[in-house]
Amino acid sequence: MNEKTGDKLGFWSIVLLAINAIIGSGIFLTPGSVVHQAGSKALVVYLIAAIFAAILAISFAAASKYVTKSGAAYAYSKAAFGKKIGFYMGVLRYFSASVAWGVMAVGVIKSTISIFGGNPNKAINVTIGFLILMAIITVINLFGQKVVKYVMNLATIGKLAALVLIIIAGVVLLITTGASSNLGQVDQLTQNGQKIVPTLTTTTFVMAIVSAFYAFTGFESVASGSEDMKNPEKNLPRAIPLAILIIAVVYIGVVAVAMVLNPRALMTTKQVVAIAAIFNNEILRDVILVGALVSMFGINVASSFNAPRILEAMAREGQISQALTKRTKNNFPIRTFFISVGLAILIPMAFEYNMVNLITLSAMVRFLGFIVVPLAVIQFYRGKAKEDILKANKSVMTDIIVPILSVVIVIFLLVEYNWKAQFGVVNAAGQVIGVNWYAIAMMVFGFVLLPLIMAWIYRRERK
């Protein structure tokens, strides 16, 4: 059904859509980890992460002018490389969406436990919290899309209010009390006689960039609604990078205030929302925690809406079992929903609810898509697509140079990434003392077993 041009999203609407899609749990969860890893270079790390995100976002925007079907990475890879690659990318995108949901669920649960004075690091507390959260989210979904949209709008207000409050309150405190430290002193802070920030190496710098990059993810889903936008081939490549620039300014402002005001608290706090720990005023801290909590809860609801529908979209395309298209009388995709709930619970459990590992995993799982989509754009430019694509204005810059740069960036991050720390058991001194077989098993499950299981079920159904 064709919509009137006036009903479609214009340039500034796309910018706001991208800002809303990207600002989520990342800025509330990552600063402590990034500053701990990069020290005084943390602001540079966020800037580099923003540049990387903008470059990758342009590749996704370029792909959207050739393929306007919903599904983003799944739709682009299927059109460029055929059904098999499309199938694999669809499953992987679904897995990454479930990982992201699990990360945000842990954030909500641990933050809630902290606010009420409980122990957020006790596994049984988090597990019980998971079950309660998923029950609440299930009820919200059963009420339909109107309630889902209401919760998401409330989350937008919550997250923006919390970020603005951090910057304003931080600046007021700096003016009235004077800075407690300068950025250079962050590297010299000690705890128990040892420096908190380790010696910066290429590997730790890359790990910090990956952690910061998580705060910018979400741009890859913006282009999936390109058919509802005015001139997406022109507006998307300009709107998404602009949105990332605006967000980068906000993020760097928040982290800069935290690093100058109270860097020790930022790096040593046990709170999940580390950014709130920089304030001594309990009321101010609790307001920021509640704002972050509302934000993360809203994004959990958004994830519960989006993740099941990725799987459902593949079923509707005839690539997995048609049984997964089943919906209730209230139009609720019940089967794909509960499969997604299962993954969102099991993945964090496999990583023992470790937020740093979950955040880096969530970013890393996306990276295969960040290689395949730029390569798909190059295929479209060369006229080598496996499926029919739209005629679009081709550009060497956005369709060749930027995609190649995107692939180079992702490969560099993958090569320099500290895989041992991600899939090892690390002691208090930061040394790898064993292997985290749960984490390895979950990666094997997501990258190998889940695609094989879905392919087997589909083939069996066809026979």
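This text goes with the structure placed above it.
The residue count restarts for each chain, going from 1 along the sequence in the order it is written. With the structure being a predicted model, the display of local features is reserved for residues of pLDDT at least 70 and the display and counting of side-chain atom pairs for 80 or more, all residues being used for whole-chain, interface and lining totals. Processing note: side-chain calculations cover all non-hydrogen atoms of the structure and skip hydrogens and water entirely.

Novice: Tell me about the overall build of the protein chain, and please be specific about residues and values.
Specialist: For the protein chain, the count of helices and strands is 18 helices and four strands. Radius of gyration here uses only the C-alpha atoms, and the compact-globule reference equals 2.2 Å multiplied by the residue count raised to the power 0.38. Taking 23 Å as the expected radius of gyration for a compact globule of 463 residues, we find that the protein chain reaches 22 Å, a close match to that expectation. Counting only C-alpha atoms and orienting by the principal axes, one finds that the protein chain spans roughly 65 × 45 × 45 Å. The protein chains shown are the only cover counted for residues, whose accessible areas, like all others here, come from Shrake-Rupley with a 1.4 Å probe. Total accessible area on the protein chain stands at roughly 20,600 Å², and carbon and sulfur atoms take up 63% of it. Here the protein chain holds 38 positive side-chain charges and 17 negative ones, and the gap between their average locations is 4 Å. Each helix is a run of DSSP H or I of at least 4 residues and each strand a run of E of at least 2, with the numbering of both proceeding from the N terminus. Counted as positive: Lys and Arg. Counted as negative: Asp and Glu, with His and the chain ends omitted from the count. Charge positions come from single atoms, namely NZ of Lys, CZ of Arg, CG of Asp or CD of Glu.

Novice: Can you tell me about the packing of aromatic side chains, naming the residues and giving the values?
Specialist: Ring pairs shown here join Phe, Tyr and Trp side chains whose ring centres sit within 6.5 Å, with only the six-membered ring taken for Trp; geometry is labelled stacked below 30 degrees between planes, edge-to-face above 60, and tilted in between. Following the criterion strictly, the structure yields 13 aromatic pairs and no others. Aromatic side chains Phe 60 and Phe 219 sit 6.0 Å apart centroid to centroid with 85 degrees between the ring planes, which places their arrangement in the edge-to-face category. In this pair, Phe 60 is assigned in helix 4 (residues 42-64) and Phe 219 in helix 10 (residues 219-222), connecting sequence segments 159 residues apart. Comparing Phe 60 with Phe 219, the two get one shared label, buried. Considering the side-chain rings of Phe 60 and Phe 370, the 5.8 Å spacing of their centres and the 85 degrees angle between planes classify their relative orientation as edge-to-face. Taken together, the positions of Phe 60 in helix 4 and Phe 370 in helix 15 (residues 355-382) put the pair 310 residues apart, joining distant regions of the chain. Owing to a relative accessible area of 1%, Phe 370 belongs among the buried residues under this scheme. One aromatic cluster is present, built from ring pairs that chain together Phe 60, Tyr 76, Phe 213, Phe 219, Phe 367 and Phe 370. Each residue is assigned to one of three classes by its accessible area relative to the maximum for its type, calculated with a 1.4 Å probe on protein chains only: buried under 20%, partly exposed between the two thresholds, exposed over 50%.

Novice: Outline the side chain of Thr 336, supporting the account with residue identities and numerical values.
Specialist: Assignment of secondary structure puts Thr 336 in helix 14 (residues 334-350). Polar contact is defined as a pair of N or O atoms within 3.5 Å, subject to the rule that within protein one atom must be able to donate a hydrogen and the other to accept it, and that residues adjacent in sequence are counted only when both atoms are side-chain atoms. Of the polar contacts made by the side chain of Thr 336, one reaches the backbone oxygen of Pro 308; its length is 3.3 Å. From its side chain, Thr 336 meets the backbone oxygen of Pro 333 in a polar contact 3.3 Å long.

Novice: Outline a nonpolar patch on the surface, listing residues and values.
Specialist: Each patch is built from residues that are more than 30% exposed by relative accessible area and take part in no salt bridge. Like charges join if they lie within 9 Å; nonpolar side chains (Val, Leu, Ile, Met, Phe, Trp, Tyr) join within 5 Å. Criterion for a salt bridge: a side-chain nitrogen of Lys or Arg within 4 Å of a carboxyl oxygen of Asp or Glu. A surface patch of nonpolar side chains, about 630 Å² in accessible area, is lined by Val 444, Val 448, Leu 449, Leu 452, Ile 453, Trp 456 and Ile 457. Take Trp 456: its relative accessible area is 53%, and that puts it in the exposed class.

Novice: Lay out the nonpolar core in plain terms, naming residues and giving numbers.
Specialist: By nonpolar core is meant a set of buried Ala, Val, Leu, Ile, Met, Phe, Trp, Tyr and Cys residues that side-chain atoms within 4.5 Å join together. Among the nonpolar cores identified, the biggest contains 147 residues, and Phe 130, Phe 213, Phe 216, Phe 219, Ile 244, Tyr 251 and Ile 275 are the most heavily contacted of them. Element by element, the count of residues in this core is highest for helix 4, at 17 residues. Working rule for contacts: check all heavy atoms of both residues, and any pair within 4.5 Å makes them a contact. When near neighbours in sequence (up to four residues on either side) are disregarded, Phe 219 contacts Ile 22, Ala 53, Leu 56, Ala 57, Phe 60, Phe 213, Ile 240, Ile 244 and Phe 370. The next biggest cluster of nonpolar side chains, apart from the first, holds five residues, and it includes Val 148, Val 151, Val 301 and Phe 305.

Novice: Give me the packing of helix 3 (residues 31-38) against helix 4: which residues, what numbers.
Specialist: Two numbers describe how helix 3 lies on helix 4: the axes approach to 8 Å, and their chain directions differ by 115 degrees. In terms of crossing hand, the pair formed by helix 3 and helix 4 is right-handed. The segment helix 3 lies against helix 4, with Pro 31, Val 34, Val 35 and Ala 38 engaging Ala 42, Val 45 and Tyr 46. Residues were grouped as follows: Ala, Val, Leu, Ile, Met, Phe, Trp, Tyr, Cys and Pro as nonpolar; Asp, Glu, Lys and Arg as charged; and all remaining residues, including Gly, as polar. Among the residues making up the contact of helix 3 with helix 4, the classes are represented as seven nonpolar, no polar and no charged. Inter-axis angles, ranging from 0 to 180 degrees, are taken between N-to-C directions of lines fitted to C-alpha atoms, where helices are fitted over the stretch in contact. Crossing handedness is defined as follows: a turn of the near helix away from the far one that is anticlockwise and smaller than a right angle gives a left-handed crossing, while the clockwise case is right-handed.

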